[in-house]
Amino acid sequence: MFGNVTNMAQSMFILFEHSSGYALFRVKEFEDVGLLQPQVEASVTDLSLFNSLVKLSAFSPFKSGTNALDNMNSVSEGLVHEDLRLFLETSVPKSTKKEKVIVGVGDSKLGAAIVEELGISCQHTGVVPEIIRGVRCHFPNLVKGLTEQSAAKAQLGLGHSYSRAKVKFNVNRVDNMIIQSISLLDQLDKNINTFSMRIREWYSYHFPELVKIVPDNYTYARVTQYIKNRKELTDDKLEGLEEIVMDSAKAKAISDASKSSMGMDISPIDLINIELFTSKVISLANYRKGLAEYLGNKMHTVAPNLSTLIGEQVGARLIAHAGSLTNLAKYPASTVQILGAEKALFRALKTRGNTPKYGLIFHSTFIGRAGTQNKGRISRYLANKCSIASRIDCFADIPTSVFGEHLRQQVEDRLKFYETGEAPQKNVDVMHKATQEASVVQAKISKKEKKKRKKDKRKMNETADTSATAGDTTAEMDDLGEEPPKKKKKKKKNKENEDIFMDVTADTTMETTAEGDELDTSVKKKKRKKKNKETLEMSMDASANPTMETTGEGEGLELAAKKKKKKKKMMMD
């Protein structure tokens, strides 16, 4: 198809990275293939034609899933893994004066790394992408012992582990929760404002004077829920109104206005609906307060320096607008300054007007406190400090709020400098103090974490020991069964026998000699009966076990004799 060339000036190998391992293919008739690129593109879909172009030279499978993941991470970053280095050194022949060896690679970064570290010339353009496409299509057929099902399983497993490793972050420092909570907070503010306006319009038909007395939305909703019908508002309810309004004069003004109100009468069904709606709005407002507390705590754990410098909500809005804390850390100070004012910026660029001086940073207290001439200066300075704080929060191993406090003090000093002319401290001195304090705080935090880990280990060991001891006691009880109650029964029987014997001895001392003789005769009769029973039992045992050994019989007789002696001693006593 492509003709034979006896002396080739160049020989080409194709490096293919698969989820199962590294493969190296030798390209046949490289010079003719390079000339006939359209025919190569056509032969990619046909296996028989593609086999005439490419032949497997070497294959190095991965040892395990973790090894495959390490190799794929290095390949994606454009680095040469040790396994890849060994594979290329052993399988790729060295180029000579007569023949030059070229390795075709799909990624240009990986090719540059191979050239730097191994000195092998690489190529990623021309026919190489088409040949790699064909190898990817027919890879299970080109490698012996590899099926399509096993290749698909390897690709699926490596894809899942690779994506899981990319997504994996520290649970306590995830900024996605901050983005969702600040967006929900803004939405709640809008909804609460619209709902409170609806309550004002609805309840104003019945009590229109209340709007002027109580301007706050949340307190207005609580007052409407408490008053309900203005005609039923008496002096007894003034204490409750004072607790809600936090002002005795306002509470008295509300009661006076209710007596001389110009509002219309309202039915009890309408009052019930208004009350239900106000309760919903109050619950939303309470949830908003809890969400703000949660956001503050989350910001202090994820970005403590940024939150102490500019505030929790403004810092959260900056993170949400940037997309993540890492994106915000990558932004320069000029971008952080205008972040949130993109429309005004592009409008100014189109019309060749003045560009905006601040975006989301405007909501911080520093710009509001600055004068009109110094607002642009302080916004630029604040954006600079915000970018520094975000970078510290993003890349610090143990986050602390020390740098944020010092940066905030720097902004305060700069405000004083603009107002009074006092020269602030140098940035080098401030950062030196901050680093010293941060090292001390980080050491304390690391000690606390170690103590917590030790406590957790102790608790785990204690729980394991208690569970093991509980399991042993239950097993022992299961093995013993009903033995403990039997012992108790024996003890009870012995006690009863002792009591009876003591009673008999007491009676014998108190009775006459004649009665004693009668007792002796009765005891002798009992002894004879017992002897007869024992002899019968021994005879029955002997008849039942005729094959027993003589030693066993002797032991039985000795035990019987011992029992008789013990009984005689008891009776004599």
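Relevant structure appears above.
Keep in mind it's a predicted model, so treat the numbers as computed, not measured.

**Quick notes on the nonpolar core**
Formed by 38 residues in total, the largest nonpolar core has its most connected members in L306, I310, I319, L328 and L382. Where this core is concerned, the elements lending two or more residues are α9 (176-203), α14 (268-302), α15 (304-310), α16 (312-322), α17 (325-330), α20 (365-369), α21 (375-395) and α22 (402-419). With 7 residues, the single largest contributor to this core is α21. Contact partners of L306, with chain neighbours within four places excluded, come to G311, G315, I319, L328, C386, A389 and D393.

**Digging into a nonpolar patch on the surface**
Taken together, the side chains of W202, Y205 and M264 present a nonpolar region at the surface, about 350 Å² in accessible area. Relative to the assigned elements, M264 resides in the loop between α13 (248-259) and α14.

**Focus on the sheet that holds strand β3 (residues 54-61)**
Here 5 strands make up an open sheet; going across it, the order is β3-β2-β1-β4-β5 and the pairing mixed. What marks the edges here is a single partner per strand, and that holds for β3 and β5 (122-123). Sheet analysis places strand β4 (residues 100-104) next to β5, joined by 2 bridges and oriented parallel. Bridge assignment links G104 to a residue of β5, and that residue is Q123. Its contacts with the sheet place helix α7 (residues 128-142) against β1 (10-17), β2 (21-27), β3, β4 and β5, and it is angled at close to 60 degrees to β1.

**Here's the deal with unusual backbone geometry**
Positive phi outside glycine occurs at M246, with the angle close to 60 degrees. Along the chain, M246 turns up in the loop between α12 (238-245) and α13. Look at M246 and you get exposed, because its relative accessible area is 68%. Despite not being glycine, R352 shows a phi value in the positive range, around 60 degrees. In this structure, R352 sits in the loop between α19 (342-351) and α20. Judged by relative accessible area, R352 falls into the exposed class, the value being 77%.

**Digging into the side chain of T219**
Within the secondary structure layout, T219 lies in helix α11 (residues 217-227). In this structure, T219 is in contact with V214 and I244, ignoring residues within four places of it in sequence.

**Focus on the packing of aromatic side chains**
Both the distance between ring centres and the angle between the ring planes are used here to describe each pair of aromatic rings. Applying the stated criterion across every chain yields a total of 10 aromatic pairs. Judged by centre distance (6.4 Å) and plane angle (65 degrees), the rings of Y203 and F207 are edge-to-face. Given the relative accessible area of 1%, Y203 is considered buried. Judged by relative accessible area, which is 0%, F207 ranks as buried. An aromatic cluster of at least three residues, connected via ring pairs, comprises F16, F25, F59 and F139. Over the ring of Y220 we find R200; its NZ or CZ atom is 4.8 Å from the centre of that ring.

Reading the values: rules and limits
Residues numbered from 1 in each chain as written. Predicted model: local features only at pLDDT ≥ 70, side-chain atom pairs only at ≥ 80, totals over all residues. Heavy atoms only, no water. Core = buried A, V, L, I, M, F, W, Y, C linked by side-chain atoms within 4.5 Å. Buried < 20%, exposed > 50% of the residue type's maximum accessible area, 1.4 Å probe, protein only. Helix = DSSP H or I, 4+ residues; strand = E, 2+ residues; numbered from the N terminus. Contact = heavy atoms within 4.5 Å. Patch = residues over 30% accessible without salt bridge, like charges linked within 9 Å, V, L, I, M, F, W, Y side chains within 5 Å. Areas by Shrake-Rupley, 256 points an atom, 1.4 Å probe, with all protein chains shown as cover. Salt bridge = Lys/Arg side-chain N within 4 Å of Asp/Glu carboxyl O. Pairing = 2+ DSSP bridges. Axes fitted to C-alpha atoms, helices over the stretch in contact; angles between N-to-C directions. Phe/Tyr/Trp six-rings, centres within 6.5 Å; stacked < 30°, edge-to-face > 60°. Lys NZ or Arg CZ within 6 Å of the ring centre and 35° of its normal.

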